[in-house]
Amino acid sequence: MDSSTCLELALEGERLCKAGDCRAGVAFFEAAIQTGTDDLRTLSAIYSQLGNAYFYLGEYDKAMEYHKLDLTVARTMGDRLGVAKASGNLGNTLKVMGKFKEAICCCERHLSISQELEDKVGEGRALYNLGNVYHAQGKHLGRIGPQEPGGFSDEVKHCLQKAVEYYAANLRLMEELNDRSAQGRACGNLGNTHYLLGNFTQAISYHNERLAIAKEFGDKAAERRAHSNLGNAHIFLGEFETAAEHYKKTLQLAQELGDRAVEAQACYSLGNTYTLLRDYPMAIHYHLRHLAIAEELTDKVGEGRACWSLGNAYSATNNNEKALHYATRHLEISKEIGDKTGQAAAQMNLSDIRKVLGLPPTPIDSESSESAEDAKSRTRRKSMENMDLLKMTPDAKGVLRKYQSEDAGIGSLSSDDSHPVNGPSFNTSSHADKNTSVNEESSMDDESFFELLSRFQSKRMDDQRCTLSIDSNKENQPEQAQQQVPTHREGGSLSSNGSTNGTTTPSDSGARMELPPQPEIKHDNCGVLEELMESIAGMQSRRMDEQRASLPQLPGLNNQHAILQRLSVAASDSTPLPDDNFFDMLMRCQGSRIEDQRSSLPNEASLTQSAPTVPDDDFFSLIMRFQSGRLEDQRSTMPLEATRNSAHPTADEEEPPNSAQSTGAKDGLVSRLVKGRK
């Protein structure tokens, strides 16, 4: 096997990846690495393509690993353009992994090198990627707190404003380069970001431009996204008829594309829009279509939402029998998928509908309140009823210990003295009855707390301990001197052979413990110091190893000695000391290691089930806002918790440019290397 075989395998892997079979392409690229090559440029191209392939396969850890190797090789060769592209690929991968600070660092490096090399295409991609990172970071931070477009926190708004700046710069640059396709992507992302900021008029303007460019290229998928985003923006402007027209076009395009999930999402949006228009027959029509597709795709969450909406719509048309049917079905589905909010809403709707129909409340409704009270009483700790804040202070704990010691003294009495007939000194019934429960509960609480603390923190505390062997000869006395000098103790002395000189009382002898014979002492301070250093090195070696920087090991490179020579030359040409920018970048890139040490609570979003037929464009909270004054028509209302758990209409995201990563992936690098050699 030689370098030509490695190149042939890489070419086949590249062809398979372009054909869409990334898994087979990865196999050929891995085989090329196993074969090995002496050409660093070929190796860099293989690393880049492997990183891209793993990215599209969703294996982001491996993608980041190979993009880092590509960056190492590019730096070794002094290839500034390669460093820029590898940094862009790394930034895009880190963004998907949620490591936004490191992603921004890599994308800024991509931008600065591209501007330095006057690479307009690379600069445009870097600007686009930076906008994507800030946009994703803003959406990530916006999950906590108010989630209504235009009502986010200042931190979220700052990220979205930065995204607008980079998207606008990308749009201006793409207009200079007359790249209409890239202009369309920039307009779509600008519309999405302005939508989140609450600038709905500007969002509509950019989405209209995106729609026009998509029609130029005949991009049906982009047209569908533009119509969906336009419908969302018009909803928040109160233009429901216009929104319905855009959703109908979204539905038509989804049917042309054969995307059943997107078709169901369009029906869901149309049903909610006609509910806002108070056209309940049309709302029922589209919700039934949504329910049928959700059943076809076995989307239980979608089925529950459809039944919820149908129950409300039928209740508004006074068709309470069907409203009762769908409300009951909604309750069953909510119990099946564990949706507590949906279950509470269904029970409330069922109660209202049964009252209208004159039916008695179901056993579930009557028992729900009782079970809730019982659960509350069971979960509440009895000690909370007698909670006293002073019990947690050191003074109060001292009093408790005093009481416990007195009780211990009483308990140590003989059987004859433990049951006195009279005597205030032993009349402890009132005192014991009053404090026993408090003492027991406080001691149990403290013991349970410290037991949990020691169990969870024992490993971290053990890591901080340094267990050195105790030297009995702390005075470094000679062996003979130690044998001659006895050890004196209070209340008696010990001779060199361990016998007791002096008399002690029985209580003293029971309380004291004789020392064992002392070992021989050697005049070897250097040996003690060496043992100390060896002990420290043994315990701290793992932590010191983590601080060491090892030379890069590049899989697939046959001549590893060449990399060492290039690194030595690069080190001699570089400045002897790093500048402030280096340390600033180091702190930003290492910030996530501190975060990795923190333990966070489980994310509720990760526990929720996927709902392919329910779009992010969930209008429950908006319907509640518009229908709040029409309860006499609706009869069944949704709980306020639903408005917090349901997402507001969010934008359909733009797809990455071309078929490669939006970071400017090295498309056809292996092929270009072959052409360059010819």
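This structure is a prediction, so every number in the text was calculated from the model and none was measured. (Residues numbered from 1 in each chain as written. Predicted model: local features only at pLDDT ≥ 70, side-chain atom pairs only at ≥ 80, totals over all residues. Heavy atoms only, no water.)

Peer 1: What am I meant to see in the confidence of the model for the chain here?
Peer 2: Per-residue confidence for the chain gives a mean pLDDT of 74, with 58% of residues at or over 70. Segment residues 406-435 is flagged for pLDDT under 50; beyond a separation of four residues in sequence, or across chains, it makes ten contacts in the model. With pLDDT under 50 throughout, residues 634-648 is counted as low confidence; its partners more than four residues away or in other chains account for 46 contacts. (pLDDT = per-residue confidence, 0-100. Contact = heavy atoms within 4.5 Å.)

Peer 1: Explain the pattern of salt bridges to me, please; I cannot follow it from the model alone.
Peer 2: Enumeration over the complete set of coordinates arrives at 13 salt bridges. Ionic pairing is found between Arg15 and Glu12, a salt bridge with its closest N-O pair at 2.5 Å. Taken together, the positions of Arg15 and Glu12, both in helix α1 (residues 3-18) and three residues apart, correspond to about one turn of that helix. Assessed through its relative accessible area of 25%, Glu12 is described here as partly exposed. With a shortest N-O distance of 3.8 Å, Glu303 and Arg329 are connected by a salt bridge. Here Glu303 is found in helix α15 (residues 300-316), whereas its partner Arg329 is found in helix α16 (residues 320-337), with 26 residues between them in sequence. Several salt bridges converge on common partners, so that one network encompasses Glu295, Lys300, Glu303, Arg329 and Glu336. (Salt bridge = Lys/Arg side-chain N within 4 Å of Asp/Glu carboxyl O. Helix = DSSP H or I, 4+ residues; strand = E, 2+ residues; numbered from the N terminus. Buried < 20%, exposed > 50% of the residue type's maximum accessible area, 1.4 Å probe, protein only.)

Peer 1: Explain the packing of helix α7 (residues 120-141) against helix α9 (residues 180-197) to me, please; I cannot follow it from the model alone.
Peer 2: How two helices sit against one another is set out by the angle between their axes and by the gap between those axes. The interhelical angle for the contact between α7 and α9, taken along N-to-C directions, is 25°, at an axis separation of 11 Å. Viewed along their axes, α7 and α9 adopt a mutual orientation that is roughly parallel. In this structure, α7 meets α9 at a crossing whose hand is left-handed. Two secondary-structure elements touch here, α7 through Tyr128, Asn132, His135 and Lys139 and α9 through Arg185, Asn189, Asn192, Thr193 and Leu196. Of the residues that constitute the contact of α7 with α9, the class distribution is two nonpolar, five polar and two charged. (Axes fitted to C-alpha atoms, helices over the stretch in contact; angles between N-to-C directions. Parallel < 35°, antiparallel > 145°, perpendicular 65-115°, else oblique. Left-handed = near helix turned anticlockwise from the far one by under 90°. Nonpolar A, V, L, I, M, F, W, Y, C, P; charged D, E, K, R; others polar.)

Peer 1: So what exactly am I meant to see when it comes to the packing of α15 against α16 here?
Peer 2: Packing of α15 against α16 brings their axes to within 8 Å, and their N-to-C directions diverge by 155°. The orientation of α15 with respect to α16, classified from their angle, is roughly antiparallel. The two elements α15 and α16 cross, and the hand of that crossing is left-handed. From α15, Lys300, Val301, Glu303, Gly304, Cys307, Trp308, Leu310, Gly311, Tyr314 and Ser315 reach across to α16, where they touch Asn320, Lys322, Ala323, Tyr326, Arg329, His330, Ile333, Glu336 and Ile337. Taken together, the residues of the contact of α15 with α16 break down into nine nonpolar, five polar and five charged.

Peer 1: Could you clarify how one ought to interpret unusual backbone geometry in this entry?
Peer 2: For residues that are not glycine, phi is negative in most cases, and the peptide bond is trans in most cases. Unusually for a residue other than glycine, Asn178 sits at a positive phi of about 60°. Turning to its location among the elements, Asn178 is positioned in the loop between α8 (154-177) and α9. If you check the backbone angles, Arg278 has positive phi at about 65° while not being a glycine. With respect to the helices and strands, Arg278 occurs in the loop between α13 (260-276) and α14 (280-296).

Peer 1: Got a minute to help me understand the nonpolar core in this structure?
Peer 2: In a soluble, globular protein the nonpolar side chains are often hidden away together inside. Among the nonpolar cores identified, the biggest contains 60 residues, and Tyr195, Ile235 and Leu270 are the most heavily contacted of them. Of all the elements, α8 adds the most residues to this core, at ten residues. Ignoring any residue separated from it by four or fewer positions in sequence, one finds Leu270 in contact with Ala244, Tyr247, Lys248, Leu251 and Tyr286. Among the nonpolar cores identified, the runner-up in size contains 23 residues, and Ile33, Tyr54, Leu69 and Leu554 belong to it. (Core = buried A, V, L, I, M, F, W, Y, C linked by side-chain atoms within 4.5 Å.)

Peer 1: Please clarify how helix α4 (residues 60-77) should be interpreted in this entry.
Peer 2: Every α-helix winds through 3.6 residues per turn, so residues three or four apart in the chain are directed the same way. The terminal C-alpha atoms of α4 lie 26 Å apart, and with 18 residues this matches the ideal 26 Å at 1.5 Å per residue to within 8%. Along α4, the positions that sit buried rather than exposed are Ala63, Met64, Tyr66, His67, Leu69, Asp70, Leu71, Val73, Ala74, Thr76 and Met77. Residue Gly78 follows α4 closely and has a positive phi angle near 70°. (Expected span 1.5 Å × (residues − 1).)

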